[in-house]
Amino acid sequence: MKNELVRNVAIIAHVDHGKTTLVDHLLKQSGTFGSHESVSDRVMDSMDLERERGITIAAKNCSLKYKNVRINVIDTPGHADFGGEVERALMMVDGAVLLVDSSEGPLPQTRFVLRKALARNLPIIVVINKIDRKDARAKEVLDQVYDLFIDLDANEDQIDFPVLYAVGRDGWASKELDSPGKDLTPLFESIIETVPAPDFKPDEPFQMLVLNIGYSDYVGRLAIGRVFSGTARKNERLAAIGKSGTPTPLRVSKLQSYEGVSFAEIEEANPGDIVILAGAEEVSIGDTITTVETPKALPRIVVDEPTIGMEFTVNNGPFSGREGKYVQSQRLKERLKKETLYNVALAIEETPDPDSLLVKGRGEFQMAILIETMRREGFELCVRRPRVLTRELNGKTEEPIEHLVIDCDETSVGIITERLSQRKGRLSNMVNHGTGRVKLEFSIPSRGLLGYRNQFLTDTRGTGLMSSYLVGYEEYRGDFPSRQTGSLVSDREGDAVPYALFHLEPRGILFIPPGVKVYEGMVVGEHNRDGDLWVNPCKTKKLTNVRAAMKDDNVILTPVTPMSLERAIDFIRDDEMVEITPLSIRIRKRSLKKVS
């Protein structure tokens, strides 16, 4: 049987192709918000970091109504590092809207999420967005989308997808490229026609797959997921089946569904509904909530393995505890274990050091977002340089390999090719569209991209675009140098003095301005030669009672670029760490004492 009153659809795309803006207009045009309501842009970006960076980090649900049909929409992340969120979201839906930029075309994350969607046999609606761009090339992009479907071994039904042309920012879509639409009615109609209604077997017991976890101060932990069969009511006694396979009894204290971007209480959960269930305190993502009489588990969610690991440890520096609320190792471990409950793509592992944990994830950016979130919560911690997780097969070491796509000016091709070849990258394709920009494709080890992003932005003067996705594992390609320069390291504790910093500038690039407190072993700059240089940034000018011409000139220092978290993680070597507090980001040596 089918529940014709419900449609579950995911919006998938590469980062910055307009997913969240399109969802804004879907909500507004469906009447979810009243005419008197003041609605902010990108209403689905609820996290502060999402609004600041203009990206989607966590997959989020909302619902809207069109012609008495409830459409549950899931806005998914567009960055490859948050691919686990996409894999989780696709388990909830019966179809997907694939959004592609009319100029940039299908990019790595487009390929990643489309491969996952096709593997689940989801029908796809293709929307070519931003067709009002001056450099739009909608017809060529559509050809690239067809090529991508064929390349991913899509079947005939999947390739026969409906195509819409849209300007998400203005809130309209059209079936014809040359005739602009008035609103998003063609998209609403395509979702109703293309995305199948959820099907279920009426004789099966209640089964709900938990695909997200929430928390309420009033009712405790919330299990968010999709009902695959049966019905459940408030106050009913059910059971949760976890990894062990043993049912754990629970009582439904509250049932809610999505109404717009908020929750609305309901009395009954039906097949195909995406609901929020309260009363399951010991539930985690992937568990099945079912009946006590006939407990029957659904297949657990399976996500791709992590590719990089980063060691998180307590802040044991001289300034520990001055700026943060949480500095204890137990607090750090509890917070990281809590994160793995919400994020299926993260895993943690014990290390020989009792004060440290190895956190495994998809990429540097995912780790940086986690660290920044913890920092804002009041944590103090130190992290080591990310390292790629290799594996042994038939006595040989294999490493993760990424498919890297770069869009840059023609003038930058030489320097990019040179840099990536040093990092064991191999150029596999180059396309010149004749617009002054070139598309380069590389096969490169994941470790070759660690610490490269800032160098890339410098080489392309900030105009280059770079994105990648994991393609598999290959035999280890050999070592390469990670950084050609050393560090300027403070040899004592004190306050940085302009006089001392002025005389250190010829030695390299400084990371700190005058007046900053430093300690022994803290990295205060990048040495312009290989090898570390221990320096005294606290040295003051010796005063005498003899006045001389040109001796009292004002010291003018080069402005210092504030140290960002991503830049610090990119910079450090294996013998260095990044110290993160709510107020500061410092780079330090793992061993603070100078080794003579």
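A brief look at the structure comes next.

**Brief notes about the sheet that holds strand S3 (residues 69-75)**
Two modes of strand pairing occur in sheets, parallel and antiparallel, and in both the strands are linked by backbone hydrogen bonds.
Then comes step 1: Ordered by their spatial adjacency, 7 strands build an open sheet running S2-S3-S1-S4-S5-S6-S7, and the pairing between neighbours is mixed. The strands lining the two open edges of the sheet, one partner per strand, are strand S2 (60-66) and strand S7 (172-174). Going from strand to strand, the sheet's axes swing by 30° on average, the running direction of each strand aside.
Then comes step 2: Its contacts with the sheet place helix H7 (residues 185-194) against strand S1 (6-13), S2, S3, strand S4 (95-101), strand S5 (124-129), strand S6 (163-167) and S7, and it is angled at close to 165° to S5.

**Looking at helix H3 (residues 83-90)**
Then comes step 1: H3 sits mainly inside the fold: 8 of its 8 residues count as buried.
Then comes step 2: Structurally, H3 contributes buried residues whose contacts are with S1, S3, helix H4 (108-119), strand S8 (207-216) and helix H8 (329-342).

**What about the side chain of Arg88?**
Then comes step 1: Secondary-structure assignment places Arg88 in helix H3.
Then comes step 2: Within the structure, the side chain of Arg88 is placed 2.7 Å from the backbone oxygen of Leu211, a separation counted as a polar contact.
Then comes step 3: Ignoring any residue separated from it by four or fewer positions in sequence, one finds Arg88 in contact with Ala59, Leu211, Asn212, Ile285, Ile301 and Val344.

**Some remarks on the pattern of salt bridges**
Then comes step 1: Inspection of the entire model under this criterion finds 37 salt bridges.
Then comes step 2: In this structure, Arg300 engages Asp287 in a salt bridge whose closest nitrogen and oxygen atoms are separated by 2.9 Å. Taken together, the positions of Arg300 in the loop between strand S17 (288-291) and strand S18 (308-313) and Asp287 in the loop between strand S16 (274-278) and S17 put the pair 13 residues apart, joining distant regions of the chain.
Then comes step 3: Under the relative-accessibility criterion, Asp287 is labelled buried at 3%.

**Comments concerning the environment of Asp575**
Then comes step 1: Structurally, the position occupied by Asp575 is in the loop between helix H14 (565-571) and strand S34 (576-580).
Then comes step 2: Distance from Asp575 to Ser468, taken between C-alpha atoms, is 28 Å for residues 107 residues apart in sequence.
Then comes step 3: Ignoring anything within four residues of it in the chain, the contact list for Asp575 reads Asp532, Lys589 and Arg590.
Then comes step 4: Engagement of the side chain of Asp575 in a polar contact is seen with the side chain of Lys589, the distance being 3.1 Å.

**What about the sheet that holds strand S11 (residues 237-241)?**
Then comes step 1: If you walk across this open sheet you meet the 8 strands as S12-S11-S17-S8-S9-S16-S13-S14, and the pairing is antiparallel. With one partner strand each, in any of the chains shown, strand S12 (247-251) and strand S14 (262-265) form the two edges of the open sheet. Across the sheet, the mean angle from the axis of one strand to that of its neighbour is 40°, orientation sign disregarded.
Then comes step 2: Sheet topology places S8 next to strand S9 (residues 220-229); 9 bridges connect them, and they run antiparallel. Following the sheet pairing, Asn212 is matched in S9 by Ile224.
Then comes step 3: Against the sheet, H8 touches S8 and S9, its axis set at about 140° to S8.

**Digging into the packing of H4 against helix H5 (residues 138-151)**
Then comes step 1: In the contact formed by H4 and H5, the axes pass within 10 Å of each other and the chain directions differ by 50°. Judged on the interaxial angle alone, H5 and H4 are oblique. H4 and H5 meet at a crossing whose hand is right-handed. Within the contact between the two elements, H4 uses Thr110, Arg111, Leu114 and Leu118 and H5 uses Leu148, Phe149 and Asp151.
Then comes step 2: In terms of residue class, the contact of H4 with H5 is built from 4 nonpolar, 1 polar and 2 charged.

**Some words on the state of the cysteines**
Think of a disulfide as a covalent bridge from one cysteine sulfur atom to another cysteine sulfur atom.
Then comes step 1: Inspection of the entire model under this criterion finds 0 disulfides.
Then comes step 2: With no disulfide of its own, Cys382 has Cys538 as its nearest cysteine by sulfur position, at a separation of 20 Å.
Then comes step 3: With relative accessibility at 0%, the residue Cys382 sits in the buried group.

**Here's the deal with the pairing of S11**
Successive side chains on a regular strand alternate, one facing one side of the sheet and the next facing the other.
Then comes step 1: The buried count for S11 comes to 4 of 5 residues, which makes it a mostly enclosed element.
Then comes step 2: With 5 bridges connecting them, S11 and S12 associate as antiparallel partners. Residue pairing in the sheet places Arg237 in a bridge with Arg251 of S12.
Then comes step 3: The antiparallel hairpin formed by S11 and S12 contains 5 residues in its connecting segment, where Gly245 sits at a positive phi of about 90°.
Then comes step 4: With 4 bridges joining them, S11 and S17 adopt antiparallel strand pairing. Across the sheet, the residue bridging to Ala239 is Thr290, located in S17.

**What to know about the packing of aromatic side chains**
Then comes step 1: By the definition in use, this model includes 8 aromatic pairs.
Then comes step 2: Seen in terms of ring centroids, Tyr66 and Phe188 are 4.8 Å apart; in terms of plane orientation they differ by 5°. Their pairing is stacked. Of this pair, Tyr66 sits in strand S2 while Phe188 sits in helix H7, and the two are 122 residues apart along the sequence. There is no split in this pair, since Tyr66 and Phe188 are both buried.
Then comes step 3: Ring centres of Tyr146 and Phe161 lie 4.8 Å apart, and the angle between their planes is 25°; this geometry places the pair in the stacked category. Of the two residues, Tyr146 sits in helix H5 while Phe161 sits in the loop between helix H6 (156-159) and S6, which places them 15 residues apart along the sequence.

**Some points on the nonpolar core**
Then comes step 1: Of all hydrophobic cores here, the largest spans 67 residues; its most connected members are Ile124, Ile128, Phe149, Leu277 and Ile289.
Then comes step 2: Residue contributions to this core peak at 6 residues, all from H5.
Then comes step 3: When neighbours within four sequence positions are excluded, Phe149 is seen to be in contact with Leu98, Leu114, Leu118, Ile124, Val126, Ala154, Gln158, Ile159 and Phe161.

**Thoughts on the environment of Glu259**
Then comes step 1: Its place among the elements puts Glu259 in strand S13 (residues 254-259).
Then comes step 2: In the structure, Glu259 is positioned 189 residues away from Arg70 in sequence and 9.3 Å away in space, judged by C-alpha atoms.
Then comes step 3: Those residues in contact with Glu259 that lie beyond four places of it in its chain are Ser63 and Ala264.

**Brief notes about unusual backbone geometry**
Leaving glycine out, the prevailing phi sign among residues is negative, and the prevailing peptide bond configuration is trans.
Then comes step 1: In this structure, Asn235 takes a positive phi of about 70° despite not being glycine.
Then comes step 2: Inspection of the secondary structure puts Asn235 in the loop between strand S10 (232-233) and S11.
Then comes step 3: With phi around 55°, Asn394 is a residue other than glycine that occupies positive phi space.
Then comes step 4: Tracing the backbone shows Asn394 in the loop between strand S23 (391-393) and strand S24 (396-409).
Then comes step 5: Given the relative accessible area of 76%, Asn394 is considered exposed.

So, how was this worked out
- Along each chain, the written sequence defines residue order, and numbers are assigned to residues from 1.
- Only residues with pLDDT of at least 70 get local features here, since the model is predicted, and only at 80 or more are side-chain atom pairs given and counted; chain-wide, interface and lining totals rely on the full set of residues.
- Side-chain measures were taken over the full set of non-hydrogen atoms in the model, leaving aside hydrogen atoms and water.
- When DSSP finds at least two bridges between two strands, those strands are taken to pair.
- Numbering of helices and strands starts at the N terminus; helices are DSSP runs of H or I of at least 4 residues and strands are runs of E of at least 2.
- The axes are straight lines fitted to the C-alpha atoms, using for helices just the contacting stretch, and the angles between their N-to-C directions are given from 0 to 180°.
- Whether two residues are in contact is decided by their heavy atoms, any of which lying within 4.5 Å being enough.
- For every residue, the accessible area (1.4 Å probe, protein chains only) is compared with the maximum for its type, and the residue is labelled buried under 20%, exposed over 50%, or partly exposed between those bounds.
- Under the rule applied, a polar contact is a pair of N or O atoms within 3.5 Å (in protein, one hydrogen donor and one hydrogen acceptor; residues adjacent in sequence only if both atoms are side-chain atoms).
- Only one rule defines a salt bridge in this text: a Lys or Arg side-chain nitrogen within 4 Å of an Asp or Glu carboxyl oxygen.
- Any angle between 65 and 115 degrees counts as roughly perpendicular, while under 35 counts as roughly parallel, over 145 as roughly antiparallel, and the rest as oblique.
- What makes a crossing left-handed is the near helix being turned counterclockwise from the far one by less than a right angle; a clockwise turn instead makes it right-handed.
- Residue type decides the class: Asp, Glu, Lys and Arg count as charged, Ala, Val, Leu, Ile, Met, Phe, Trp, Tyr, Cys and Pro as nonpolar, and the leftover types, Gly among them, as polar.
- The disulfide criterion used throughout: a pair of cysteine sulfur atoms within 2.5 Å.
- Think of it this way: a Phe, Tyr or Trp ring, Trp meaning its six-membered ring, pairs with another when their centres are within 6.5 Å, and the plane angle makes it stacked under 30 degrees, edge-to-face over 60, tilted otherwise.
- To form a nonpolar core, buried Ala, Val, Leu, Ile, Met, Phe, Trp, Tyr and Cys residues must be joined to one another through side-chain atoms within 4.5 Å.

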